[in-house]
Amino acid sequence: MLIAADKFKGSLTAVEVAEHVTAGLRHVVPGLDVAAVPVADGGDGTTAAALAAGFARHEARVTGPTGEPVTATFALREDGTAVVEMAEASGLQLLPKGVFAPLTATTYGTGELLLAALDAGATSIVFGVGGSATTDGGAGMLAALGARFLDASGAPVGPGGGGLRELATADLSGLDPRLARTEIVLASDVDNPLTGPKGAPAVYGPQKGASEADVAVLDAALAHFAEVLERAVGPKAAEYALAPGAGAAGGIGYGALVGLDAAFRPGIDVMLDVLGFAPALARATFVITGEGSLDAQTLHGKAPAGVAAAARKAGIEVAAVCGRLQLSQEALAAAGIRRAYALADLEPDPARSMAEAGPLLERAAAQLARDFLV
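Just so you know, these numbers come straight off a predicted model, no measurement behind them. (Residues numbered from 1 in each chain as written. Predicted model: local features only at pLDDT ≥ 70, side-chain atom pairs only at ≥ 80, totals over all residues. Heavy atoms only, no water.)

Asks: I would appreciate a short explanation of the sheet that holds strand 13 (residues 339-342) in the present structure.
Replies: What links the strands of a sheet is backbone hydrogen bonding, and the strands pair in either a parallel or an antiparallel sense. Here we have five strands laid out as an open sheet, ordered 2-1-11-12-13, and parallel in their pairing. Pairing within the sheet leaves two strands with one partner each, and these edge strands are strand 2 (35-36) and strand 13. In the sheet, strand 1 (residues 2-3) pairs with strand 11 (residues 286-294) via two bridges, with the strands oriented parallel. Within strand 11, the position partnered with isoleucine 3 by the bridge is isoleucine 288. Against the sheet, helix 13 (residues 303-313) engages strand 11 and strand 12 (317-325), with an angle of about 160 degrees to strand 11. (Pairing = 2+ DSSP bridges. Helix = DSSP H or I, 4+ residues; strand = E, 2+ residues; numbered from the N terminus. Contact = heavy atoms within 4.5 Å. Axes fitted to C-alpha atoms, helices over the stretch in contact; angles between N-to-C directions.)

Spelled out as structure tokens, the structure:
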């Protein structure tokens, strides 16, 4: 049995999910051979998945989204491959509870985290983006890496997407030269462009506290940012603004594409490669995947869909566990998932289900074992 599940957000890490599923399976089939590859799709939990796969933990003191210092973690393997998760430095979870900063939250600390990875010896970086508190197009990140963004008076513009309204000139010539020698893969499950009705401000701004007026300000500011960058680096700046992934994590995808020459890949595909999923799958006869909510978003690049697709290609049966299930049996089957087991079926109260997720997951896994293994 191979367990390749993502976290249950707000209740269990991917590692804890694997532990509880294993316990539930072995309650029914003692001594069952179980392997675990905790997975992530580039969003929050990506670094934790890399650490569970044997990467070394590194920490750096960086600038948080509102300017306060935070301690952020990245993962590094002996071959020079680093996993850097922008949510560690610029994530929503770092904001004071209930306090948002839609116009001023900055990705500066993410740039500092990338520098820390380079300082530690990284020669290739998997850059996981998602769960951000920011909508600054990656300007803060690029500034930390050596770019200059100045207003008409020659002073640095203010932090966040709101500050980009005053941008007059951009200069990327000071970017750390090591970046040009480093392969950077932008790992994301988001394929939105930078601006417009499907852009970063319109689609994701509200969940970061942006009002309708704030969304309009941010959309205009990011469009202006792209125009100024086009004057600085040429037509590619305009092209990348329309590219899939540019709108990821408040537009940090755009900053990575333009300034870091990053290559965009679906996050789960990247992470399955990095985490050693293929060798584990080759040894498996059955796969269990899952995440907190199996819903329509799952089918668009989330971890369970990626795991199920790879397993189906290998001819291996897949079941899923989840907190709540919002997909029909037909949709599950189309994704390559034979059956899903939801904690909500065992405990319908959401608060209790999250609080008791571990024991409930063991019960769900035990039922899975009865259905498929006995």
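Asks: What is the right way to read the nonpolar core from this model?
Replies: Grouped burial of nonpolar side chains is what soluble globular proteins tend to show. Counting residues in hydrophobic clusters, the biggest one holds 57 residues, and the most contacted among them are Ile125, Phe127, Met141, Phe149, Leu229, Tyr254 and Leu260. Here this core gets seven residues from one element, more than from any other, and that element is helix 10 (residues 248-259). Setting aside anything within four residues of it in sequence, one finds methionine 141 in contact with Thr107, Tyr108, Thr110, Gly111, Leu114, Phe127, Ile252, Gly255, Ala256 and Leu260. Counting 39 residues, the second-largest nonpolar core is a separate cluster that includes Leu275, Leu294, Ala308 and Cys322. (Core = buried A, V, L, I, M, F, W, Y, C linked by side-chain atoms within 4.5 Å. Buried < 20%, exposed > 50% of the residue type's maximum accessible area, 1.4 Å probe, protein only.)

Asks: Would you take a moment to explain the environment of valine 126 for this structure?
Replies: For valine 126, the location among the structural elements is in strand 6 (residues 124-128). When the C-alpha atoms of valine 126 and threonine 195 are compared, they prove to be 24 Å apart, with 69 residues separating the residues in sequence. Not counting the four nearest positions on each side in its chain, valine 126 is found in contact with Ala82, Val83, Val84, Val185, Ala187, Val270, Met271 and Val274.

Asks: Explain the pattern of salt bridges to me, please; I cannot follow it from the model alone.
Replies: For side chains of opposite charge, pairing can occur when their charged atoms come near one another. Applying the stated rule across the entire model yields 13 salt bridges. A salt bridge links aspartate 273 to arginine 265; the nearest nitrogen and oxygen atoms lie 3.0 Å apart. Close ionic contact of arginine 352 with glutamate 347 constitutes a salt bridge, the shortest N to O distance being 3.8 Å. Owing to a relative accessible area of 46%, arginine 352 belongs among the partly exposed residues under this scheme. By sharing partners, the salt bridges in this structure join Asp6, Lys7, Lys9 and Asp44 into a single network. (Salt bridge = Lys/Arg side-chain N within 4 Å of Asp/Glu carboxyl O.)

Asks: Just checking my understanding: could you explain helix 10 for this structure?
Replies: Structural remark: α-helix, 3.6 residues per turn; residues separated by three or four positions point the same way. The buried count for helix 10 comes to 12 of 12 residues, which makes it a mostly enclosed element. All of the buried residues in helix 10 are Ala248, Ala249, Gly250, Gly251, Ile252, Gly253, Tyr254, Gly255, Ala256, Leu257, Val258 and Gly259.

Asks: Just to check I follow, could you spell out the packing of aromatic side chains for this structure?
Replies: Each aromatic ring pair is summarised here by two numbers: the centre-to-centre distance and the angle between the ring planes. Within this structure, the stated rule accounts for three aromatic pairs. When the centroid spacing of 6.0 Å and the interplanar angle of 75 degrees are considered together, the rings of phenylalanine 225 and tyrosine 254 count as edge-to-face. One end of the pair, phenylalanine 225, is in helix 8 (residues 212-233); the other, tyrosine 254, is in helix 10, and 29 residues separate them in sequence. Seen from their ring centres, phenylalanine 286 and phenylalanine 372 are 5.1 Å apart, and the 55 degrees between their planes marks the pair as tilted. Of the two residues, phenylalanine 286 is situated in strand 11 and phenylalanine 372 in helix 16 (residues 357-372); the sequence distance between them amounts to 86 residues. We classify phenylalanine 286 as buried; its relative accessible area is 6%. Among the aromatic side chains, those forming a connected cluster through ring pairs are Phe149, Phe225 and Tyr254. (Phe/Tyr/Trp six-rings, centres within 6.5 Å; stacked < 30°, edge-to-face > 60°.)

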